Amino acid sequence: MKPALQQDMTVAVPSNISMRGRPAEAGSNALTGYTAVEDATVVRRLREAGAHLRSSACVGEFGFGLPVGGAAAVAPRPSAGGAEAVDGAELLMDFMGESRLAAAHASIYGLKPSYGLVSRFGLIGLIPSMECCGILSGSLNTIGEVLMTVAGQDGLDFSLPEEDAPDFSPREIRPEEITIGIITEAQSMAAGAERSPATGDSRGAPTPRGAEGFRASMEELRRLGFTLREVSLPGYELFSLVHRVVGSVEASSAAGRYDSVRYGPRAPGAKNWNEMYLMSRGAAFGTLIKSYLIQGAFFQFERYEAFIDACRIRARLVEDMRRLESEVDFFVLPMDDGPAQEVRSGAGVPPSLAGLYESHASTLYANVTGQPALYLPPVPGSAPTGFQLTGPRLSDGRLLDLGRFISESWGGE
Amino acid sequence: MEFEAVIGLEIHVELNCVTKMFCDCPNHPGDQPNANTCPTCLWLPGALPRLSQEALEKASLLSLGLGAELQPRSAFDQKIYYYPDLPKGFQLSQIHLPLSRGGGIDILDEDGVTRKLRIHHIHMEEDVAKLVHEMEGRLPVGLVDFNRAGAPLVEIVTEPDFRTPYQAMEFLKTLRTRVRYVGSSDCNMDDGTMRADANISIRPRGTDQMNTKVEVKNMNSVRHVGDAISYEIARQTAAVQADEAVILHTRLWDPDKKATLPMRAKFEGPCVPDPCVPAIELSPAWIEQMRTRLPEMPTERGERLTAQHGLTREEALSLSADPEVAAYFDALVARGIAPRTAMHWLTTQLIPAVRERRQDLNTSPVAPERLAALLDLLAKDEINANAAREVLVEMFGCDEAPEAIVARRGFKQISDADALDPLIDKVLTEQARAVADFQSGQVKALGFLVGRVMQASGGKADPKVIRELLDEKLGAG
């Protein structure tokens, strides 16, 4: 029996998650005028559980990546952190870590559930094998309730595993029985960010925010009595490459259905319907998405072998994570929330794929492997950023228990 | 120099499933345009494909029926190309990991030798939408009908084992029979549930080189496949002899011109694994269970009919070519009808009568038990063959038992010597000349006398009994 949601919980739903009868433009010109014909499973389940559903806008086209730094500094923030998110919850499509990053910007909690735990039916996506519905809230209990409400098979998404949804009933966390892994390579990447101005912009001396937040989190976990063990994942730096190659190839196919012909604005002036299709697609997408789709098409048409290599590396990374999971119960990872909070002199520079991938560098791993990942904000004043916790696929319930234990020890809920 | 052809076939078969391949829409492409559509087969944002279990089973049965080996793991790929009949930009097809591999069909070749023509692999794929080009006033418009989009197909790709048009035609006929047997498709080339493309190249006889091939499409009968291949072999041979290069391209068969004509080069896009349709894992137990669902196949059935019932090879093959006919035959024999009688009545009386009435053997009012009852009356000499044919005609129009029709129409045969005696005596008296002829050695006269007695009985007398009585009387006389 699933416990009901709190009375009158408000959940914000962006326009790339289908709500029957509501415009589902997903922040893209290609979907202008398109109205969802069905409820996404997550929406239907929340509605049935009595949630108040509120619309939220998509930040960026298709909600793909959070604009960070540069021009993005003047772009609207995700509404996460607004009153609704603190009291209620906000859903966010998570392609590359958006829900953790948005949570970090708003200093609230953000969960990316395990791949296959929550139905993707009705999500207007781009990267089918990596995307899922993320959940943000100022309360981990709320995230837990929302997750319990939306998780599990629906008969509409065949990628959900046959087994039952994991057990969400809260269980006691005994720190002395729990080992948390620290991935050496992830740590040094965060440390590396301190040393090199990765974007080459006018950043001056970079704030070692991620590394500092991470050091503080490790100290805190030790203080709480957890055993920390350093483990090695030699391919860690490949997560970004794998995501970019596989993600763009999938997007290049997936965006085909957003044809801007059956909905969206058709390009005028074409001589025949082939030309009309091509011109409409050409006009429909924004620069960032277009460069992503073209990159994917490049791998499809010209570098298929490189794509297959990326798929192999992905399988190996998943396997390596599995292997580490036999040594530790959970992992703690740094959260580099990028320079979003600081206004950059580069404002006005159009967002680039490179910039997008750089700002999500610390969150990509979970979208590549399908693991659950949780962002925990720091104790106010104690550290500049929070950190991420992750665990085996479908361990979402345990991961929330762990997060709750840690935040309660800080005087949270 | 003498040339030989190297031919491979690619055969699309539309599965006769109730639903489409990735959604629950009815698989009826011929309905009102766009009546059978949903967000999934229209590929609207947010919809996800869900592979139909029925399509998987029918494609698996088809594979087993053609001797192919089901693969423990197969998966769907996106065959990427763009056209208005495929607005999502890719077709779901199994390019890298097909459902089954191997298999083949034995055909009886022109020279009387049995040859195995091998299958390379069999894969599932979805059909695309149908484009209709019309004029709205003076404005040309392109319309898209999505009823066919997502219809379940399999593609059978053969090895380049074929050398002659005859082999290709025999292969297609046998394939059609076998697929109909397993019940996966009707395989009609005229309504498009079976479509065959041929890849044809030529080489000097006796060499094993593989030369540039030409693909020929648009043949909508087995005969057209043969004609198109013959034409293409002649065309390529002439080209090579004139020192012209054969270029890789696609041609369309024009049945009116009886020629293949070049079509615009087709764009061949890449294939990437589809991330939405989960890989298909088939356990040995599942495959075994499918195997138990296979019916007895035509070749095996033909052999059994020859061995068990003493039919000739030709008779057995003609019965087993159609699973409905073969099942009907088995049902008659199971009810005690002599195999040869069953075959004779089925092929010369019942099937023509069913066709004439545009009925199906399966659903015709003359079910096997009714025909068996009729043939039983015939076997017991209660009616003669003429009466049986008339009763059969009546059986199409009513559901009375054959016995009842026989009684009502008074067809019951007179086999009783006492009843026939007076009739025979009367005929012998009236036909003294014929009697004399017979007695002077003209055997034919006996048949004439039998006919007269038959006539006198109103067609009801048993000719065997008449003959016996006549023999007796004339021999004695």
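Residues numbered from 1 in each chain as written. Chains lettered and ligands numbered in written order. Predicted model: local features only at pLDDT ≥ 70, side-chain atom pairs only at ≥ 80, totals over all residues. Heavy atoms only, no water.

Draft legend 1. The overall build of chain B, seen in detail. Along its length, chain B carries 15 helices and 17 strands. The C-alpha atoms of chain B give a radius of gyration of 30 Å, which is well past the 23 Å a tight globule of 477 residues would have. Reported as C-alpha extents along the three principal axes, the dimensions of chain B are approximately 95 × 60 × 60 Å. Looking at the 477 residues of chain B, the share that counts as buried comes to 51%. In chain B, the share of contacts with a sequence separation of at least 24, taken over all contacts with a separation of at least 6, comes to 69%. As presented, chain B carries roughly 22,300 Å² of accessible surface, and 52% of it is formed by carbon and sulfur atoms. Treating the 54 positive side-chain charges of chain B as one cloud and the 70 negative ones as another, the clouds have centres 2 Å apart. (Helix = DSSP H or I, 4+ residues; strand = E, 2+ residues; numbered from the N terminus. Rg over C-alpha atoms; globule rule 2.2 N^0.38 Å. Buried < 20%, exposed > 50% of the residue type's maximum accessible area, 1.4 Å probe, protein only. Contact = heavy atoms within 4.5 Å. Areas by Shrake-Rupley, 256 points an atom, 1.4 Å probe, with all protein chains shown as cover. Lys, Arg positive; Asp, Glu negative; His and termini not counted. Charge placed at Lys NZ, Arg CZ, Asp CG, Glu CD.)

Draft legend 2. Quick peek at the sheet that holds strand β1 (residues 10-14) of chain A. Residue and element names in this part refer to chain A. What the 10 strands build is an open sheet, ordered β2-β1-β3-β5-β4-β9-β10-β8-β6-β7; its pairing is mixed. Of all the strands in the sheet, the pair left with one neighbour each is β2 (52-56) and β7 (227-231). Averaged over all pairs of adjacent strands, the angle between their axes in this sheet comes to 25°, without regard to strand direction. In the sheet, strand β3 (residues 89-94) pairs with strand β5 (residues 132-137) via 6 bridges, with the strands oriented antiparallel. In the sheet register, E90 faces β5, and the bridge partner there is L136. Of the strands in this sheet, β1, β2, β3 and β5 are in contact with helix α1 (residues 41-48), which crosses β2 at around 140°. (Pairing = 2+ DSSP bridges. Axes fitted to C-alpha atoms, helices over the stretch in contact; angles between N-to-C directions.)

Draft legend 3. Region of the structure containing the packing of helix α13 (residues 432-439) of chain B against helix α14 (residues 444-456) of chain B. All names here are of chain B. At their nearest, the axes of α13 and α14 sit 8 Å apart, and the two run at 145° to each other. Relative to α14, the crossing made by α13 is left-handed. On α14, the residues that touch A434, V435, D437 and F438 of α13 are A445, L446, F448 and L449. Partitioned by chemical class, the residues of the contact of α13 with α14 number 7 nonpolar, no polar and 1 charged. (Left-handed = near helix turned anticlockwise from the far one by under 90°. Nonpolar A, V, L, I, M, F, W, Y, C, P; charged D, E, K, R; others polar.)

Draft legend 4. Local environment of the packing of aromatic side chains. All chains considered together, the criterion is met by 17 aromatic pairs over all chains. Here the aromatic rings of F162 of chain B and F171 of chain B are separated by 5.0 Å at their centres, their planes lie at 80°, and the arrangement is edge-to-face. Neither F162 of chain B nor F171 of chain B differs from the other in exposure class; each is buried. Taken together, F64, F95, Y292 and Y357 of chain A form an aromatic cluster joined through their ring pairs. Between the NZ or CZ atom of K88 of chain B and the centre of the ring of F90 of chain B, over which it lies, the distance is 5.2 Å. Positioned above the aromatic ring of F396 of chain B is the side chain of R357 of chain B, whose terminal nitrogen or guanidinium carbon lies 4.1 Å from the ring centre. (Phe/Tyr/Trp six-rings, centres within 6.5 Å; stacked < 30°, edge-to-face > 60°. Lys NZ or Arg CZ within 6 Å of the ring centre and 35° of its normal.)

Draft legend 5. Structural detail: the domain arrangement of chain B. Residue and element names in this part refer to chain B. Segmenting chain B into domains produces domain 1 (3-284), domain 2 (296-409) and domain 3 (417-476). Each of domain 1 and domain 2 was reduced to a C-alpha centroid, and the two centroids are 37 Å apart. With 7 residues of domain 1 at the contact, the number on the domain 2 side is 12 residues. Summed over both partners, the interface of domain 1 with domain 2 comes to about 690 Å²; 64% of that surface belongs to carbon and sulfur atoms. Its largest share of buried area at the contact with domain 2, domain 1 owes to T177, R178 and Y181, together 79% of the area lost on that side. Summed over the shared surface of domain 1 and domain 2, the number is 2 residue pairs in polar contact (both at pLDDT 80 or more). (Domains from an automatic or database assignment. Buried area = accessible area lost by both parts, 1.4 Å probe. Polar contact = N/O pair within 3.5 Å; in protein donor to acceptor, adjacent residues only side chain to side chain.)

Draft legend 6. The pattern of salt bridges, seen in detail. Residues and elements named next belong to chain B. Enumeration according to the criterion identifies 50 salt bridges over all chains in this entry. When the shortest N-O distance is used, the salt bridge between E4 and R205 registers 3.9 Å. One end of the pair, E4, is in strand β1 (residues 3-14); the other, R205, is in the loop between β12 (194-204) and β13 (214-219), and 201 residues separate them in sequence. Classification of R205 by relative accessible area gives partly exposed; the value is 47%. Where K58 meets E54, a salt bridge forms, and the shortest distance between an N and an O atom there is 3.4 Å. With a gap of 4 residues between them, K58 and E54 both fall in helix α1 (residues 53-65), about one helical turn apart. The partly exposed category is assigned to E54, whose relative accessible area is 24%. Among the charged side chains, a network of salt bridges with common partners joins E390, E394, E400, R408 and R409. (Salt bridge = Lys/Arg side-chain N within 4 Å of Asp/Glu carboxyl O.)

Draft legend 7. Structural view of the layout of surface pockets. Residues and elements named next belong to chain A. Each pocket or cavity is described by its volume, and for the second largest pocket that value is around 1,100 Å³. It is helix α10 (residues 304-325) that contributes the most residues to the lining of the second largest pocket, 7 residues altogether. Along the lines of polarity and charge, the residues of the lining of the second largest pocket split into 16 nonpolar, 6 polar and 8 charged. (1 Å grid on protein atoms, 1.4 Å probe; cavity = no way out; pocket = protein on both sides within 12 Å on 5 of 7 lines; lining within 4 Å. Points joined across faces, edges and corners; volume = space filled by probe spheres on them.)

Draft legend 8. Just helix α8 (residues 339-356) of chain B, in detail. Residue and element names in this part refer to chain B. With 18 residues, α8 should cover 26 Å at 1.5 Å per step; its first-to-last C-alpha distance of 24 Å lies within 8% of that length. In the structure, α8 departs most strongly from a straight axis at L346, where the bend amounts to approximately 40°. When α8 is considered as a whole, its buried residues turn out to be P339, A342, M343, W345, L346, L350, I351, A353 and V354. In this structure, the buried residues of α8 make contact with α5 (298-309), α6 (313-320), α7 (323-334), α9 (368-379) and α10 (385-395). (Expected span 1.5 Å × (residues − 1). Bend = angle between axes of the 7 residues up to and from the residue.)

Draft legend 9. Quick look at the side chain of R301 of chain B. One can find R301 of chain B in helix α5. Within the structure, R301 of chain B has its side chain in polar contact with the side chain of D330 of chain B (distance 2.9 Å).

Draft legend 10. Here's a closer look at the interface of chain A and chain B. If you look at the interface, chain A gives 35 residues, while chain B gives 33 residues. Both faces considered, chain A and chain B share a buried interface measuring about 2,800 Å² in area, 65% of it formed by carbon and sulfur atoms. Looking only at chain A, the three residues that lose the most surface to chain B are F158, R257 and W273 of chain A, adding up to 26% of its buried area. Our count for the contact surface shared by chain A and chain B stands at 0 salt bridges.

Draft legend 11. Fine view of the pairing of β13 of chain B. All names here are of chain B. Of all 6 residues in β13, 5 are buried; the element is thus mostly enclosed. The pairing of β12 with β13 spans 4 bridges and is antiparallel. Note on β13: the bridge partner recorded for A198 is V216.

Draft legend 12. Layout of the side chain of D145 of chain B. Residue and element names in this part refer to chain B. The residue D145 is located in strand β10 (residues 139-145) in this model. Of the side chains with opposite charge, K130 lies nearest to the buried D145, which makes no salt bridge, at 5.1 Å. A polar side-chain atom of D145 sits 3.0 Å from the main-chain amide nitrogen of N34. A polar contact of 2.9 Å, which involves the side chain of D145, links it to the backbone nitrogen of N147. Ignoring any residue separated from it by four or fewer positions in sequence, one finds D145 in contact with P29, P33, N34, A129 and K130.

Draft legend 13. Spotlight on empty space enclosed by the protein. All chains considered together, the criterion is met by 8 cavities of 30 Å³ or more. Its volume calculated, the largest cavity comes out at about 200 Å³. Forming the walls of the largest cavity are 22 residues, and the residues nearest its centre are P128, A254 and R257 of chain A together with A47 and C276 of chain B. When residues of the lining of the largest cavity are traced back to their parent elements, those giving at least two are α7 (238-254) of chain A together with β5 (90-93) of chain B. Sorting elements by how many residues they give to the lining of the largest cavity places α7 of chain A first, with 3 residues. Its residues assigned to classes, the lining of the largest cavity shows 13 nonpolar, 4 polar and 5 charged.

Draft legend 14. Structural context of the nonpolar core. Core analysis: the biggest nonpolar cluster contains 173 residues, and I17, V42, F64, L91, L126 and Y258 of chain A together with I11 of chain B have the highest contact counts within it. Apart from residues no more than four positions distant in its own chain, Y258 of chain A is found in contact with A30, L31, F62, I124, G125, L126, Y263 and F285 of chain A together with P45 of chain B. Core analysis: the second largest hydrophobic core is formed by 36 residues, L305, A342, L377 and I383 of chain B among them. (Core = buried A, V, L, I, M, F, W, Y, C linked by side-chain atoms within 4.5 Å.)

Draft legend 15. Quick peek at the state of the cysteines. All told, the structure shown has 0 disulfides over all chains when counted by the stated rule. For the unlinked cysteine C132 of chain A, the closest cysteine sulfur is that of C133 of chain A, found at 7.3 Å. A disulfide-free cysteine, C25 of chain B has its sulfur positioned 3.6 Å from the sulfur of C38 of chain B, the nearest such atom. C25 of chain B sits in the buried class, given a relative accessible area of 7%. (Disulfide = S-S within 2.5 Å.)

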